[in-house]
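Structural description and commentary
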Amino acid sequence: MTNFWVVIMLYRFLVIFVLLISLPVTATPVSMHLVIPGPSTPFKVRNPFIEKLLKLIFAKQNIDLTLEYAKENISQGRALKELNNNGVIDLTWSVTTHEREQALTPVRIPLYQGFIGWRVFIIRKDNQTMFDNITSLNELGKLLAIQRFDWPDHQVFIDNNLDVDGSLPFAQMYKAIENGLADYFPRSVLEVTRELNSVKSKQLTVEKSLLLKYPSSYYFFVGKNNNKLAETIKKGFELVLADGSYQLLFQECFGSALKALNLKQRKVLYLKSSLMPE
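Definitions and cut-offs
- Residues numbered from 1 in each chain as written.
- Predicted model: local features only at pLDDT ≥ 70, side-chain atom pairs only at ≥ 80, totals over all residues.
- Heavy atoms only, no water.
- Buried < 20%, exposed > 50% of the residue type's maximum accessible area, 1.4 Å probe, protein only.
- Helix = DSSP H or I, 4+ residues; strand = E, 2+ residues; numbered from the N terminus.
- Arc of directions from axis to C-beta.
- Contact = heavy atoms within 4.5 Å.
- Salt bridge = Lys/Arg side-chain N within 4 Å of Asp/Glu carboxyl O.
- pLDDT = per-residue confidence, 0-100.

This part is about helix α9 (residues 192-199). Buried within α9 are the following residues: V192, E195 and L196. Relative to the axis of α9, the buried residues are bounded by an arc of 95 degrees and lie together on one face. Looking at the buried side of α9, the elements it contacts are β5 (118-124), α8 (173-178), β8 (185-188) and β9 (204-206). Among the residues trailing α9, K200 stands out with phi positive, at a value near 55 degrees.

Shown next, in the form of C-alpha cells:
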C-alpha cells in the first residue's frame, strides 16, 4: 500500500472518529414509579389529561414514568393529607389554597390555564327553564347546588351567598340531581363533558345559558419535604410549556368539548374567592 493510500485511510478514520464523538450521547432512560389517587365511580381512569401530562413531563427528561393507583379509594381531601404520610401516595393535584400551600409543596404552574374556575351546571333536562331568566347571583341563590364539603369550591359558593349542600360523596351527586334533591351540580368546563358521557343518564344534561367564573388554579402537590420530586416536575413542566407540547395536549383533551359548550354565548356570573394565595 502506497503512502498516499495510507494517508487517505488515516484521514477517513479520523473523520469517522470525530463524527462519532460529536454525536449527542443518549442517556439510558431512568425509571420512576409514582402512586397517585385512583378513579372515583364510574371512571376507570382518574384523569386522562393529568396522566398524559405527567408522562410527557417525565419523558422530556428521559424518565420512564409508571403510574400506580392507590389501593384504597381516596377522596381529594384525604389525598392531600396523605402526601405527608410516606408510602400512601406520592403526588396529587388540586385547587390551590393558602392552607394547602403551607402544609405541602406545590408546583406553582397552573395545570388548566384558569379554566378550572369556569363552571357550567349539570341539571335535569326538564329544569332548563329554571335557569333561562337568571341574570344575577341573587337569583341563582334561590336554587340549591351540590359540592363536596372538602372541595374549595364549596367555600367559594358559601362566600357568595349561594345555597350549597356539601354532604354527599361524589358518586352520589349525579343521582341527587336526577332525583331532585338538588337543582344543579357545578362542574368545570374541562370535566363536565367527560363526566356526563360516563354517567350515561337520559335525564341529565348541561345547562345551556349560564357560566360561573371565579379565580382558581390547579397545581400538582407533593409532600412537604419532597422537594426533589417537585423540582423534577417543575423542570419537565417548563420544558413542555416551552416546546408547545403542553398546548397540543390541552387542545387534544379539551378543545372539542370547550367548543361544544358555546361559552361565548353564555351569561357570565362572576364569583369572588378568598382562597387563592397571593
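What follows picks up the thread again.
Moving on, we come to the environment of L239. Note on placement: L239 falls in helix α10 (residues 227-242). Judged by relative accessible area, L239 falls into the partly exposed class, the value being 36%. Separated by 182 residues in the primary sequence, L239 and I57 place their C-alpha atoms 7.5 Å from one another. Apart from the residues within four sequence positions on either side, L239 is in contact with K60 and Q61.

What follows deals with the side chain of E82. Within the secondary structure, E82 is located in helix α3 (residues 76-82). Judged by relative accessible area, E82 falls into the buried class, the value being 12%. Each residue touching E82, except ones within four places of it in the same chain, is listed here: V88 and I89.

Position of W118 among the secondary structure elements: in strand β5. The spacing of W118 and V189 is 71 residues in sequence and 6.0 Å in space, taken between C-alpha atoms. Once residues lying within four places of it in the same chain are set aside, the contact partners of W118 are R187, S188, V189, L211, L212, K213 and L263.

Bringing the pattern of salt bridges into the picture now. According to the stated counting rule, one finds 15 salt bridges in the structure shown. Ionic pairing is found between E207 and R266, a salt bridge with its closest N-O pair at 3.8 Å. Of this pair, E207 sits in the loop between β9 and β10 (210-213) while R266 is found in the loop between α11 (245-260) and β12 (267-270), placing the two residues 59 residues apart along the sequence. Here E207 falls in the buried class, since its relative accessible area comes to 0%. Within this structure, R119, D153, R187, E191 and E195 form a network of salt bridges that share partners.

Before going further, it helps to spend a moment on the confidence of the model for the protein chain. Overall, the prediction assigns the protein chain a mean pLDDT of 88, with 89% of residues at 70 or greater. Residue range residues 1-13 is modelled with pLDDT below 50. Its contacts to residues more than four positions away, or to other chains, number 1 contact. Predicted confidence for residues 15-26 stays below pLDDT 50, and this span has 0 contacts to residues more than four positions away or in other chains.

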